[in-house]
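Structural overview
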Amino acid sequence: AQSVTQLGSHVSVSEGALVLLRCNYSSSVPPYLFWYVQYPNQGLQLLLKYTSAATLVKGINGFEAEFKKSETSFHLTKPSAHMSDAAEYFCAVRSNYGGSQGNLIFGKGTKLSVKP
Amino acid sequence: GAGVSQSPSNKVTEKGKDVELRCDPISGHTALYWYRQSLGQGLEFLIYFQGNSAPDKSGLPSDRFSAERTGGSVSTLTIQRTQQEDSAVYLCASSLDWSSYNEQFFGPGTRLTVL
């Protein structure tokens, strides 16, 4: 079965510091991976997606993620955090099984806090 | 253009009552998904539609949950005889189709509170 594990339910960084949110996946087939962001009381917004075209994926708001098959990882990074980046971030893998094809399997989420 | 909309945004109900949650997908999107977000369980997939058809309903937590989609557009998630454990945010998403690389666009969710 496919799954996603996000290490760290809470991450706190200072404004201007590097943001690193960790995601490891489990999949017996080449995965399609996504990072979504959720601001308070809002729905999910896609940050970026990996669909095997390139291992380094650039997304919106200065975020990027690198797919590493050998490490089964898809960590999200941003060189310099802004206060507006404070939100919850979800890593997800697309299901490839049976009748639920297409649905997303989410990690538990990582809440990012940015200190001034 | 308009995104995915959901109504109501908030719903408070008493245990044992039935509730209906509505999702309006982006026009032209043939795939529609329902997810539930709760503190204990995180984000869980419930059901998806391709057109008006739901190929797999095994993600629904119990037989009190049902969903339908008409005209390849609006979808309704119905919860009968609500229980306190049904309290959660119910999120709807749509995409062009169920192809792997198509982005799912999420609505703002319906926050359901069962007293």
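Overview of the structure. (Residues numbered from 1 in each chain as written. Chains lettered and ligands numbered in written order. Predicted model: local features only at pLDDT ≥ 70, side-chain atom pairs only at ≥ 80, totals over all residues. Heavy atoms only, no water.)

1. Notes on the overall build of chain A
Looking only at helices and strands, chain A has zero helices and 11 strands in total. Shown N-terminal to C-terminal, the secondary structure of chain A runs as helices and strands in the order β-β-β-β-β-β-β-β-β-β-β. Rg of the C-alpha trace for chain A: 14 Å, near the compact-globule value of 13 Å for 116 residues, within the 12% margin. Overall, the C-alpha framework of chain A stretches about 45 × 30 × 20 Å when taken along its three principal axes. Within chain A, contacts between residues at least 6 apart in sequence are counted, and of these 56% link residues at least 24 apart. Of the roughly 5,400 Å² that chain A leaves accessible, carbon and sulfur atoms contribute 53%. Across chain A, the 10 positively charged side chains and the 6 negatively charged ones have centroids separated by 7 Å. (Helix = DSSP H or I, 4+ residues; strand = E, 2+ residues; numbered from the N terminus. Rg over C-alpha atoms; globule rule 2.2 N^0.38 Å. Contact = heavy atoms within 4.5 Å. Areas by Shrake-Rupley, 256 points an atom, 1.4 Å probe, with all protein chains shown as cover. Lys, Arg positive; Asp, Glu negative; His and termini not counted. Charge placed at Lys NZ, Arg CZ, Asp CG, Glu CD.)

2. Remarks on the pattern of salt bridges
With the rule as written, the count across this model stands at six salt bridges over all chains. Taking the shortest distance from any N to any O, the salt bridge between Lys 17 of chain B and Glu 14 of chain B comes out at 3.7 Å. (Salt bridge = Lys/Arg side-chain N within 4 Å of Asp/Glu carboxyl O.)

3. As for the sheet that holds strand β3 (residues 19-24) of chain B
Across a sheet, paired strands are connected by hydrogen bonds in the backbone, their directions being either parallel or antiparallel. Residues and elements named next belong to chain B. One open sheet accounts for four strands, arranged β1-β3-β7-β6; its pairing is antiparallel. Looking at strand neighbours, the two that pair on one side only are β1 (5-7) and β6 (65-69), the edges of this open sheet. Strand-to-strand twist in this sheet, taken as the mean axis angle between neighbours without regard to direction, amounts to 15 degrees. Inspection of the sheet shows β1 paired to β3 by three bridges, in the antiparallel sense. Each bridged residue has a counterpart across the sheet, and for Gln 6 the counterpart in β3 is Cys 23. (Pairing = 2+ DSSP bridges. Axes fitted to C-alpha atoms, helices over the stretch in contact; angles between N-to-C directions.)

4. Section: the sheet that holds strand β6 (residues 56-58) of chain A
All names here are of chain A. Here we have five strands laid out as an open sheet, ordered β1-β3-β8-β7-β6, and antiparallel in their pairing. Two strands bound the open sheet, and with one partner strand each, they are β1 (3-7) and β6. Strand-to-strand, the axes of this sheet are offset by a mean angle of 20 degrees, without reference to chain direction.

5. Thoughts on the pairing of strand β3 (residues 19-26) of chain A
Residue and element names in this part refer to chain A. Burial along β3 is one-sided: the face carrying Val 19, Leu 21, Cys 23 and Tyr 25 is buried and the face carrying Leu 20, Arg 22, Asn 24 and Ser 26 is not. Where β3 and strand β8 (residues 73-78) come together, four bridges link them in antiparallel fashion. Paired with Leu 20 across the bridge in β8 is Thr 77. (Buried < 20%, exposed > 50% of the residue type's maximum accessible area, 1.4 Å probe, protein only.)

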